[in-house]
Amino acid sequence: MSFEKLRTEDRRLVILRLLAEIPGYECNSSILQEALDEYGHPVSRDTLHVDLAWLTEQQLLTVSEVATVKVAQLTARGLDVAGGRAVVPGVRRPGPRI
């Protein structure tokens, strides 16, 4: 497995886990981008939008637009993946909680 593939899969998991921690399970792309920086995934807005589109295709979240900002909301399936209760190829599986 390539390093870039590992980074992409982990970044997608981090997006899902971030949304799982937020009341209402939703957040705008600006805040998500800053949070990804904090978790060691500095990415461009374009890369984040590609990840959000991919996660939407997998039915792990939905995305709406407010002015020029995208707002991502976690789905029930996305919550299951974030918690390790479901597996989706292309998203890193979380490790066990200790």
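Shown above is the structure to which this text applies.
Computed from a predicted structure; not experimentally measured.

1. Points about the side chain of Glu 9
Line of reasoning, step 1. Along the chain, Glu 9 turns up in helix α1 (residues 3-21).
Line of reasoning, step 2. Salt bridges are absent for the buried Glu 9, whose nearest opposite-charge side chain, Lys 5, sits at 4.0 Å.
Line of reasoning, step 3. Residue contacts for Glu 9: discarding those within four places in its chain leaves Met 1, Gly 90, Val 91 and Arg 92.

2. Side note on the pairing of strand β3 (residues 69-74)
Line of reasoning, step 1. Inspection of the sheet shows strand β1 (residues 26-28) paired to β3 by three bridges, in the antiparallel sense. Each residue of the ladder has a partner; that of Cys 27, found in β3, is Ala 72.
Line of reasoning, step 2. Taken together, the six bridges between strand β2 (residues 61-66) and β3 define a ladder with antiparallel strand orientation. Pairing of Val 66 across the sheet is with Val 69, part of β3.
Line of reasoning, step 3. Where β2 folds back onto β3 in an antiparallel hairpin, the turn is made up of two residues, including Ala 67, whose phi is positive at roughly 60 degrees.

3. Section: the nonpolar core
Line of reasoning, step 1. Core analysis: the biggest nonpolar cluster contains 23 residues, and Ile 15, Leu 16, Leu 19, Leu 32, Leu 55, Leu 61 and Val 91 have the highest contact counts within it.
Line of reasoning, step 2. Tallying contributions element by element places α1 first for this core, with six residues.
Line of reasoning, step 3. What Leu 61 contacts, discounting residues up to four positions off in sequence, is Ile 15, Leu 16, Leu 19, Leu 52, Leu 55, Thr 56, Ala 72, Gln 73, Leu 74 and Thr 75.

4. Considerations on unusual backbone geometry
Excluding glycine, most residues fall at negative phi; most peptide bonds, likewise, are trans.
Line of reasoning, step 1. One non-glycine residue, Gln 59, lies in positive phi territory at about 65 degrees.
Line of reasoning, step 2. Topologically, Gln 59 is positioned in the loop between α3 (45-57) and β2.
Line of reasoning, step 3. For Gln 59, a relative accessible area of 55% translates into the label exposed.
Line of reasoning, step 4. Of note in this structure, Ala 67 is not a glycine but carries a positive phi near 60 degrees.

5. Some words on the packing of aromatic side chains
Line of reasoning, step 1. Evaluated as defined, the whole model comprises zero aromatic pairs.
Line of reasoning, step 2. The ring of Trp 54 has Arg 12 lying over it, and the distance from NZ or CZ to the ring centre is 3.7 Å.

The rules we used
- Residues numbered from 1 in each chain as written.
- Predicted model: local features only at pLDDT ≥ 70, side-chain atom pairs only at ≥ 80, totals over all residues.
- Heavy atoms only, no water.
- Helix = DSSP H or I, 4+ residues; strand = E, 2+ residues; numbered from the N terminus.
- Buried < 20%, exposed > 50% of the residue type's maximum accessible area, 1.4 Å probe, protein only.
- Lys, Arg positive; Asp, Glu negative; His and termini not counted.
- Salt bridge = Lys/Arg side-chain N within 4 Å of Asp/Glu carboxyl O.
- Contact = heavy atoms within 4.5 Å.
- Pairing = 2+ DSSP bridges.
- Core = buried A, V, L, I, M, F, W, Y, C linked by side-chain atoms within 4.5 Å.
- Phe/Tyr/Trp six-rings, centres within 6.5 Å; stacked < 30°, edge-to-face > 60°.
- Lys NZ or Arg CZ within 6 Å of the ring centre and 35° of its normal.

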